[in-house]
Amino acid sequence: MANDASAVFDTLSPAVSRGSLADSFTPPADSTLWRKNFLLGAATASYQIEGAVNEDDRLPSIWDTFSAIPGKVLAGDTGAVACDHYHRWEADVEMLASLGLEGYRLSIAWPRVMDAAGVPNRKGLDFYKRLLNRLKEKGITTFVTLYHWDLPQHLEDRGGWLNRDTAYRFADYADLMSRELAGTVDAWATLNEPWCSAYLGYGNGHHAPGLANDRFATQAMHHLLLAHGLAMPVLRANDPASEKGIVANIGRGTPNSDSAADQRAAHLFEVQHNAWILDPLLKGSYPQDLFELWPGTEPLVLDGDMQTISAPLDFLGTNYYFRTNVASDGAHGFRDVPLEGVERTQMGWEVYPDGLRDLLTGFKKTYHNLPPIYITENGMASDDQVTDGHVEDTQRISFLKRHLAAVDQAIKAGVDIRGYFLWSLMDNFEWAFGYERRFGVVHVDYSTQKRTIKRSAELVEKFLKERKARA
Ligand code: IFM
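Thresholds, definitions, all that
Residues numbered from 1 in each chain as written. Predicted model: local features only at pLDDT ≥ 70, side-chain atom pairs only at ≥ 80, totals over all residues. Heavy atoms only, no water. Near = heavy atom within 4 Å. Polar contact = N/O pair within 3.5 Å; in protein donor to acceptor, adjacent residues only side chain to side chain. Nonpolar A, V, L, I, M, F, W, Y, C, P; charged D, E, K, R; others polar. Phe/Tyr/Trp six-rings, centres within 6.5 Å; stacked < 30°, edge-to-face > 60°. Lys NZ or Arg CZ within 6 Å of the ring centre and 35° of its normal. Helix = DSSP H or I, 4+ residues; strand = E, 2+ residues; numbered from the N terminus. Contact = heavy atoms within 4.5 Å. Salt bridge = Lys/Arg side-chain N within 4 Å of Asp/Glu carboxyl O.

A. Layout of the site of the ligand. Contacts to the ligand come from Gln48, His148, Trp149, Asn192, Glu193, Tyr321, Trp349, Glu377, Trp423, Glu430, Trp431 and Phe439. Measuring from an oxygen atom of the ligand, one finds a side-chain N or O atom of histidine 148 at 2.8 Å. In the environment of the ligand, a nitrogen atom lies 2.7 Å from a nitrogen or oxygen atom belonging to the side chain of glutamate 193. Considering only residue class, the shell around the ligand consists of six nonpolar, three polar and three charged.

Encoded structure:
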């Protein structure tokens, strides 16, 4: 591993080549992705795929409540049925295994496994036990996220992540899950994307529970990170053999011009997107620039909290999708300046693989204690159609190829990256965008629940087979 990542970084080509499509998906011979210990898997999340929201005494979550409010989710979609994975999990595991995927990242629905008094729900627990045992039988490495946004509604009714007590309830939940599931989980992630939970949930109201106040966002973030910190020792005690970490969505901000004001704007974009989460976890403090961006929003922090939050991680999961081009807003913040003529996905997100490499190499410079990294999500939405039983998701194939090349570049620049999970295994409930946006490498026909393997998944399978066959 290089000692000075920046020196190596400077010698990298300025852009990850767009390359050609389908048949050249396989990485070049010198790619680090050929290493057999580089884990390649796929990810999902409970509310996005499970459905069965009223079964086996599952309690309502904030997303059941939010999606039932007219206008909150495109086309009025909800996760009530989703991919019906709660009933079809056996076939879904077969499909995952048949694709040769080595890892599966799933999340547990908190409202499924305990009641409001903290009493375990055996039926819900058994679902995850069966699922994880089957994955283990198939030899699939399991990454389990405890919180991927489906907070029990009864906790939101008492303030949700604005209430410090929720962090302690989360530690109780982590305790139950790690006692029950120890031995079937290879890696635990406490939270998925606290930025989304805090900012989209409490800062701008685009996600459940739909509150919109920057001060709420910073306090919710503090309680989320505290929940993470309280859960870590519990997970370590109950399941010592597994890895423990957290998953953050990371965002690249680029300046619209060379002006100092725009450079500052891009810096502030990344402060609120990345440092807001990574500084407390890895440095034990919030970035002061955050409060320049959002004056007067300092959260209430009690003695010892930052120490709890910054306990060492075994891994950091990073989810990457796009970059945001920004300019100064003329005051103390930034404004988005969408670039013209760039490639975009069905979400309208710019395809920008270099951002993944640049962020990871940048983190290595900023955080001397950066733990091993997994890319816990990467992928794109496209309006995929099944034609004669096939889905030719050409843009996704190119997207994945270019992002995997960026990962290879970051590894060669000295970042310790151990694996990559496609987002997502199958099309699913894309939060405020409902079922219209298709992120899967497997197509789901929601009227019949038929799964159709997309061309991208076939090519990943082909690569994994080739890699396995290599001496
Ligand atoms: O679908 C989401 C996922 O739940 C969290 N990360 C981003 C994905 C795409 O928006």
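Structure's up, so let's keep going.
B. Geometry of the packing of aromatic side chains. Across all of its chains, the model carries 33 aromatic pairs by this definition. Through pairs of rings, three or more aromatic residues link up here, namely Tyr47, Trp63, Phe66, Trp149, Phe429, Trp431, Tyr435 and Tyr446. Positioned above the aromatic ring of tyrosine 86, the side-chain terminus of arginine 112 is 4.1 Å from the ring centre. Over the face of the ring belonging to tryptophan 34 we find arginine 470, whose NZ or CZ atom lies 3.7 Å from the ring centre.

C. Local environment of the side chain of asparagine 274. Turning to its location among the elements, asparagine 274 is positioned in helix H11 (residues 260–283). Those residues in contact with asparagine 274 that sit more than four places away from it in its chain are Asn249, Ile250, Gly251, Leu359 and Phe363.

D. Quick peek at the pattern of salt bridges. A full pass over the atoms with the stated rule returns 37 salt bridges. Lysine 412 is the salt-bridge partner of aspartate 30, the closest N and O atoms lying 3.6 Å from each other. With aspartate 30 in the loop between helix H1 (5–10) and strand E1 (39–43) and lysine 412 in helix H15 (residues 394–412), the pair connects residues that are 382 residues apart, well separated along the chain. Between lysine 465 and glutamate 461 there is a salt bridge, with its nearest N and O atoms 3.3 Å apart. With lysine 465 and glutamate 461 both in helix H16 (residues 455–469), this residue pair falls four residues apart, about one helical turn.

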